[in-house]
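So the chains spell out like this:
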Amino acid sequence: MCKGLAALPATCLKSAKDMKHRLGVLLQKSDSCDYGSSHGKKEKVSPSQRVSQEEVKKWAESLENLIHHDRGLAAFRAFLKSEYSEENIEFWVSCEDYKKTKSPAKLSPKARKIYDEFISVQATKEVNLDSCTREKTSHNMLEPTLSCFDEAQRKIFTLMEKDSYRRFLKSPYYLDLVSPPTAGCGPENCKRAHAHALDCNSNIISQCA
């Protein structure tokens, strides 16, 4: 057996260090496997949060399918936020909410809020509208109705459909959802990692004996 590091040949010391390093890496991977397995069991996704692959694939058929699904809308909004253009989908959502207004007394203040936030020259989240549409929408503010933002909303929808929606379908925000989940480190893989670690340990001992 080894009687101290000084008595060992240089090749044995180098080999032992290499094997020790590999042993440490393997044990770390094995531990992460155990954690990942137990952690995954604790945080199961509830059925209400899951989206079927069939549903996700429908999002690629049309922008309408995408943004009329809660999870699809959330994914698209996150993508637009990464491109600093979330004002488009926020305007569209605000218009959808506005059209559901039942009280006539609330139409004017809600319309003014949307106009000031997205359409006016000093809007904090100004959307990209042509001058004709902007002018017509401004005129609609004199007597707001449930349809006063319809044309502007259609223009923004078309803009997203031809531009950002196409990029979204090629981005990780969509591809990570439509691709099948990557196989994790299962029990068999973890066992092999432990066995490999033990073999490395045995090699170190045999080389120093």
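Keep in mind that this is a model prediction, so the values were computed, not measured.

Structural notes on the packing of aromatic side chains
- Under the defined criterion, the tally for this structure stands at 7 aromatic pairs.
- Seen in terms of ring centroids, F76 and F168 are 5.4 Å apart; in terms of plane orientation they differ by 85°. Their pairing is edge-to-face. Of the two residues, F76 is situated in helix α4 (residues 70-82) and F168 in helix α9 (residues 164-169); the sequence distance between them amounts to 92 residues. Take F76 and F168: they sit in the same class, and that class is buried.
- Relative to F149, the ring of Y98 has its centre 5.3 Å away and its plane inclined at 80°; by these criteria the two rings are edge-to-face. One end of the pair, Y98, is in helix α5 (residues 87-98); the other, F149, is in the loop between α7 (131-140) and α8 (150-162), and 51 residues separate them in sequence.
- Given the relative accessible area of 0%, Y98 is considered buried.
- F149 gets classed as buried once you look at its relative accessible area, which sits at 2%.
- Put simply, the rings of F76, F79, F168, Y173 and Y174 pair up and form one aromatic cluster.

Quick notes on the packing of α5 against helix α6 (residues 104-119)
- With their axes 11 Å apart at the nearest point, α5 and α6 run at an angle of 170° to one another. The angle between the axes of α5 and α6 places the two elements in the roughly antiparallel class. Between α5 and α6, the contacting residues are E87, E90, F91, S94, D97 and Y98 on the first element and L107, K110, A111, I114, F118 and I119 on the second.

Remarks on α7
- Every buried residue of α7 is accounted for by T133, R134 and T137. With its buried residues spanning 100° around the axis, α7 presents them on a single face. In α7, the exposed positions that point more than 90 degrees away from the buried face belong to S131, C132, E135 and H139.
- Contact partners of the buried residues in α7: α6 and α8.

Examining α6
- Between the first and last C-alpha of α6 there are 22 Å, a value that for 16 residues agrees with the 22 Å anticipated at 1.5 Å per step.
- Among all positions in α6, only L107, A111, I114, Y115, F118 and I119 are buried. Taken end-on, α6 shows its buried residues confined to a sector of 100°, consistent with a single buried face. Exposed residues pointing more than 90 degrees away from the buried face of α6 are listed as A105, K106 and K113.

Some words on the confidence of the model for the protein chain
- This prediction gives the protein chain a mean pLDDT of 77; 62% of its residues lie at or above 70.
- The low-confidence segment residues 19-23, where pLDDT is below 50, has 6 contacts with residues more than four positions distant or belonging to other chains.
- Confidence drops under a pLDDT of 50 for residues 183-209, and excluding neighbours within four residues, the segment shows 27 contacts in the predicted structure.

What about the nonpolar core?
- Residues I67, F76, F91 and F149 are the most contacted members of the largest nonpolar core, which totals 34 residues.
- Those elements that place two or more of their residues in this core are α3 (63-67), α4, α5, α6, α8, α9 and α10 (172-178).
- Here the element with the most residues in this core is α6; it accounts for 6 residues.
- If sequence neighbours within four positions are ignored, I67 has contacts with L73, F76, I89, W92 and F157.

Conventions we followed
Within each chain, residue numbers correspond to sequence positions counted from 1 in written order. In keeping with the model being predicted, local features are shown solely for residues with a pLDDT of at least 70 and side-chain atom pairs are shown and tallied solely at 80 or more, while totals for entire chains, interfaces and linings include all residues. As a rule here, side-chain values come from all non-hydrogen atoms in the structure, and water together with hydrogens is ignored. Between 30 and 60 degrees the pair is tilted, below 30 it is stacked and above 60 it is edge-to-face, where a pair is any two Phe, Tyr or Trp rings, Trp via its six-membered ring, whose centres lie within 6.5 Å. Helix and strand definitions here come from DSSP, where helices need a minimum of 4 consecutive H or I residues and strands a minimum of 2 consecutive E residues; each element is numbered from the N-terminal end. Between buried and exposed lies partly exposed: a residue is buried under 20% and exposed over 50% of the maximum accessible area for its type, with that area taken using a 1.4 Å probe on protein chains only. Lines fitted to the C-alpha atoms define the axes, with helices restricted to the stretch that makes contact. Angles between their N-to-C directions range from 0 to 180 degrees. Angles below 35 degrees are treated as roughly parallel, those above 145 as roughly antiparallel, those between 65 and 115 as roughly perpendicular, and all remaining angles as oblique. Contacts are assigned to residue pairs with any non-hydrogen atoms lying within 4.5 Å of each other. Note that the arc is defined by the directions from the helix axis to the C-beta atoms. Multiplying 1.5 Å by the helix residue count minus one yields the expected span of that helix. Scored from 0 to 100, pLDDT records how confident the predictor is in each individual residue. Only buried Ala, Val, Leu, Ile, Met, Phe, Trp, Tyr and Cys residues count toward a nonpolar core, and they belong to the same one when joined by side-chain atoms within 4.5 Å.

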